[in-house]
Amino acid sequence: RTHVGWACVFGGCLVGSVVWGHDFVVMRLWAVLGLVTSLGPLIVWWWGEGRGRRGGDGHGGAVGSVVAPGAENAGVERALGERSPA
């Protein structure tokens, strides 16, 4: 909700600059950067949710899941100080 609120504030600033003729480039750039910053997390979340519903990237597993190197040996107990094969 906070991101949407800030997006409304910056969107209002952008619309206000057009309506009242405040055509300073820096003023509009500030409003656009604020919009991008406030809507960025929402867009990333929305995109991630969409990928999750479509089945991820086609490689299976959960979105963002990573298999650690040596995971095939997970659960194998080693003696203290014993190294894994390189």
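Refer to the structure above for everything that follows.
All of these numbers come straight from a predicted model, not from anything done at the bench.

Trainee: Can you explain the overall build of the chain? Please cite residues and give values.
Mentor: For the chain, the count of helices and strands is two helices and zero strands. Surface accessibility of the chain: about 7,500 Å² in total, with carbon and sulfur atoms responsible for 66%.

Trainee: Outline helix α2 (residues 25–53), supporting the account with residue identities and numerical values.
Mentor: Each α-helix winds once per 3.6 residues, and so residues spaced three or four apart point in a common direction. For α2, which comprises 29 residues, the first-to-last C-alpha distance of 40 Å matches the rise-based estimate of 42 Å (1.5 Å per residue) to within 8%. In α2, a bend of some 40° at L39 exceeds every other bend along the element, and P41, a proline, comes one to four places later. Within α2, burial applies to A31, G34, L35, S38 and G50.

Trainee: So what about the side chain of S17? Which residues, and what values?
Mentor: The residue S17 is located in helix α1 (residues 2–19) in this model. For S17, the contacting residues outside a window of four places in its chain are H22, D23, M27 and R28.

Trainee: Explain the packing of α1 against α2 to me, and be specific about the residues and the numbers.
Mentor: Axis separation between α1 and α2 bottoms out at 8 Å; the angle between their running directions is 155°. Taken together, the axis directions place α1 and α2 in an arrangement best described as roughly antiparallel. The hand of the α1/α2 crossing is left-handed. Across from H3, V4, W6, A7, F10, G11, C13, L14, S17 and V18 in α1, the residues of α2 making contact are M27, R28, W30, A31, V32, G34, L35, S38, L39, P41 and L42. Across the contact of α1 with α2, the residue classes tally to 15 nonpolar, five polar and one charged.

Cut-off values and rules
- Residues numbered from 1 in each chain as written.
- Predicted model: local features only at pLDDT ≥ 70, side-chain atom pairs only at ≥ 80, totals over all residues.
- Heavy atoms only, no water.
- Helix = DSSP H or I, 4+ residues; strand = E, 2+ residues; numbered from the N terminus.
- Areas by Shrake-Rupley, 256 points an atom, 1.4 Å probe, with all protein chains shown as cover.
- Expected span 1.5 Å × (residues − 1).
- Bend = angle between axes of the 7 residues up to and from the residue.
- Buried < 20%, exposed > 50% of the residue type's maximum accessible area, 1.4 Å probe, protein only.
- Contact = heavy atoms within 4.5 Å.
- Axes fitted to C-alpha atoms, helices over the stretch in contact; angles between N-to-C directions.
- Parallel < 35°, antiparallel > 145°, perpendicular 65-115°, else oblique.
- Left-handed = near helix turned anticlockwise from the far one by under 90°.
- Nonpolar A, V, L, I, M, F, W, Y, C, P; charged D, E, K, R; others polar.

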